[in-house]
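Here is what each chain is made of, one letter per residue.
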Amino acid sequence: MITIKKYFSSSLLRKNISFTFLRQLLVAIAQFFLIIIIAREFGPEGNGIYVMAILVPTMMVNFFNLGIGHASIYFISTKYFSNDQVLTKNILLALIISLIATILVLPLIFFKGNEIFPGIPLDFIYVGFICFPLSLMSIFLASILQGQENFNAYNLTEAIPPYVHLCGILIAIYFFEAGVLGVLLSYFFSQAMALIIVLFLIKPFKILKNKKKNISLKEYSKKSIGFGFKIHFSN
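These numbers come from a predicted model, not from an experiment.

Caption draft 1: Just the overall build of the protein, in detail. Of the regular secondary structure elements, the protein holds 10 helices and zero strands. What you see for the protein is a C-alpha radius of gyration of 20 Å, in line with the 18 Å of a compact globule of 235 residues. Dimensions of the protein along its principal axes, counting C-alpha atoms only, are 55 × 50 × 35 Å. Across the 235 residues in the protein, those meeting the buried criterion constitute 43%. In the protein, once contacts between residues fewer than 6 apart in sequence are set aside, the share between residues at least 24 apart is 84%.

Caption draft 2: Representation of helix α3 (residues 68–77). By the burial criterion, the buried members of α3 are Ile68, Gly69, Ala71, Ser72, Phe75 and Ile76. Buried residues along α3 cover an arc of 155° about the axis, so they all sit on one side.

Caption draft 3: Expanded view of the nonpolar core. Counting residues in hydrophobic clusters, the biggest one holds 59 residues, and the most contacted among them are Tyr50, Met60, Leu141 and Leu184. Mapped onto this core, the elements with two or more residues apiece are α2 (12–64), α3, α4 (83–116), α5 (122–129), α6 (131–147), α7 (151–174) and α8 (180–202). The element best represented in this core is α2, accounting for 11 residues. Setting aside anything within four residues of it in sequence, one finds Leu141 in contact with Leu87, Ile91, Leu195, Val198, Leu199 and Ile202.

The rules behind each value
Residues numbered from 1 in each chain as written. Predicted model: local features only at pLDDT ≥ 70, side-chain atom pairs only at ≥ 80, totals over all residues. Heavy atoms only, no water. Helix = DSSP H or I, 4+ residues; strand = E, 2+ residues; numbered from the N terminus. Rg over C-alpha atoms; globule rule 2.2 N^0.38 Å. Buried < 20%, exposed > 50% of the residue type's maximum accessible area, 1.4 Å probe, protein only. Contact = heavy atoms within 4.5 Å. Arc of directions from axis to C-beta. Core = buried A, V, L, I, M, F, W, Y, C linked by side-chain atoms within 4.5 Å.

Such coordinate-based values are descriptive only and should not be taken to indicate function.
Listed below in structure tokens is the structure:
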């Protein structure tokens, strides 16, 4: 009979798959309790406001990531670009894309927000909106861990934020008696924590110590977006 220890030690691939499955299960459990608590405390209306508010950064990330994360995984795993090149250029791209997205989307929310989101206070939409740069940066940097095949670290970046969000909601509701805005602020805090965790795990200062030949942002962007664009829009 195969023991649990032998099961996990017999194959690195099996180990990675097992921990990935465990991460997905833990995230699903956290999200289940999130849905239950929000629906119970705020009803359908409050739950709808929360969902619409976090839908804004979610859709923006899905649209504006341009497949750069997928390209980064390929570049690092094949050593097409070095870790420090991907790190520095992904940070710059995340900042530039966030700025462009803000210029495009923020005026739309300001002038047409009441028509696009009828019945939803725009303050909630703005709180959701400011989560976008954090989420985008986290995705771009977490792709470095995937490219390094450091799946244990990557799983942590995915598993911890939902529980930070869950704990934040419990504190906001039951200790501070905050409403939906408190829940959204908890979501913002969880996204900020996700970025902090990613930065801690990729060890950026260690990567930059082994800095190799620099490349231009234009060259990296052209190859990264060109490669990632095909994958992004095929999904």
